[in-house]
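# Coordinate inspection notes
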Amino acid sequence: FFLILINQANAIENKILIKIDNEIITTLDINNEITYLKIINKNLDNFNKKEAYKIAKDSLIREKIKEIEISKWIKKPVVEEKYLNPIIKNIYTKLNITSLNEFEKSLNEKSISLEEIKKKISIEILWNQLIYSKYSNKLKINKDKIKKEILLNKNTKLIEYELSEIVFNIQNNQKFEKKFNNILEDINNIGFNDAALIHSISSTSKNQGYLGWIKEASLNKKIKNELNNKEKGEFTNPIVIPGGFIILKINNIRKKDKIIDIEKEVNLITKEKTNEQLNQYSNIYFNTIKKDIKIHEL
């Protein structure tokens with residue numbers, strides 16, 4: 001009788017909440033996702049239970065959709081430890097944890113295994129691999145043009161922006177103005193970073209939309225013009241990009257000395273432009289496959 005009561009309690013605790021094709025998301029999955037997101041992003045503590053639940057739910061739905069698609073294209077969806085370890089180290093280093101053992105102990109105390117973290121990272125790596133295999137031949141990057149522009153400006157100081165982003169799109173009959181006003185209201189009330197957690201569909205949303213330092217020379221003309229009209233701490237109007245819209249916030253601006261190693265600079269800018277285009281293709285592809293996936297909340 002006692003065992004039956006325990007099983008009934010567990011069933012109530014861990015019920016199925018969402019079906020995504022043949023995959024499911026349970027109460028336990030949501031709770032684990034909230035815990036995981038709080039580990040990598042302390043700002044999630046600022047949200048109430050309902051808000052945290054929605055952020056975790058949206059995050060898991062995106063993850064499940066990616067996992068379903070990966071299984072269709074990649075026969076052996078396994079990522080080697082040598083690719084996982086640097087990313088894991090980067091996570092626990094940001095948390096001021098000095099070793100993997102200490103990090104694993106910290107995870108166990110929160111009832112999360114290191115294997116769960118590895119799986120999440122693996123899905124993102126495999127997704128990026130899938131996007132690259134599909135779209136690498138469509139990348140439009142002119143290295144000669146990049147080099148020419150660098151040579152023209154080699155004696156001027158280089159501008160770099162530390163940026164955060166909110167990437168969003170419009171679903172079905174949703175109106176752009178209403179969607180943007182909702183985002184704007186949250187930016188004004190809780191700040192850009194927390195608004196990114198709620199609204200951004202980019203993989204950067206888990207890190208509050210943080211992009212890091214981006215060279216001005218790697219940005220397209222439209223984005224460059226928007227940023228040139230903004231100061232540190234300000235954010236742009238929504239900018240149309242393939243697959244949706246992007247709002248960029250300038251966290252900081254710096255000017256670096258003139259270029260010494262031309263080839264190195266060309267390679268850095270090429271890498272940033274490549275990442276930008278692949279991210280856009282990632283959003284386009286995700287939006288496309290999501291339309292064909294049945295998501296049913298119970």
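The structure contained in this document is the topic of the report that follows. Here the structure is a predicted model, which is why all the values come from computation and not from measurement. (Residues numbered from 1 in each chain as written. Predicted model: local features only at pLDDT ≥ 70, side-chain atom pairs only at ≥ 80, totals over all residues. Heavy atoms only, no water.)

### Digging into unusual backbone geometry
The phi dihedral of N96 falls on the positive side, at around 60°, and the residue is not glycine. Along the polypeptide, N96 turns up in the loop between α4 (81-94) and α5 (100-109). Residue classification places N96 among the exposed residues on the basis of a relative accessible area of 70%. (Helix = DSSP H or I, 4+ residues; strand = E, 2+ residues; numbered from the N terminus. Buried < 20%, exposed > 50% of the residue type's maximum accessible area, 1.4 Å probe, protein only.)

### Quick notes on the packing of aromatic side chains
Aromatic rings considered in pairs are described by the distance between their centres and by the relative angle of their planes. Tallied over the full model, the rule gives 10 aromatic pairs. When the ring of F168 is compared with that of F245, the centres are 5.3 Å apart and the planes differ by 20°; the resulting orientation is stacked. Of this pair, F168 sits in strand β3 (residues 158-168) while F245 sits in strand β6 (residues 244-256), and the two are 77 residues apart along the sequence. You'll find F168 and F245 in the same group, each marked buried. (Phe/Tyr/Trp six-rings, centres within 6.5 Å; stacked < 30°, edge-to-face > 60°.)

### A short note on the sheet that holds strand β7 (residues 295-297)
Within a sheet, each strand pairs with its neighbour through backbone hydrogen bonds, oriented either parallel or antiparallel. Pairing is antiparallel across the open sheet formed by three strands, whose spatial order is β2-β1-β7. The open sheet terminates on both sides in strands that have one partner only, identified here as β2 (23-26) and β7. On average, adjacent strands in this sheet sit at an angle of 20° to one another, irrespective of strand direction. Pairing analysis gives three bridges linking strand β1 (residues 16-20) to β7, with the strands arranged antiparallel. Bridged to K19 within β7 is H296. Running over the sheet, helix α3 (residues 49-73) touches β1, β2 and β7 and is turned about 35° from β1. (Pairing = 2+ DSSP bridges. Axes fitted to C-alpha atoms, helices over the stretch in contact; angles between N-to-C directions. Contact = heavy atoms within 4.5 Å.)

### Some details on empty space enclosed by the protein
A full pass over the atoms with the stated rule returns two cavities of 30 Å³ or more. For the largest cavity, the calculated volume is near 90 Å³. Residue lining of the largest cavity: S59, R62, E63, K66, E124, I201, S202, S203, S205 and K206, and that is the complete set. Broken down by element, the lining of the largest cavity gets its largest block of residues, four residues, from α3. Of the residues in the lining of the largest cavity, the class split is one nonpolar, four polar and five charged. (1 Å grid on protein atoms, 1.4 Å probe; cavity = no way out; pocket = protein on both sides within 12 Å on 5 of 7 lines; lining within 4 Å. Points joined across faces, edges and corners; volume = space filled by probe spheres on them. Nonpolar A, V, L, I, M, F, W, Y, C, P; charged D, E, K, R; others polar.)

### Comments concerning helix α9 (residues 192-199)
Along α9, seven of the eight residues are buried, which leaves the element largely enclosed by surrounding structure. Where α9 is buried, its residues contact α3, β3, α8 (176-190) and β6.

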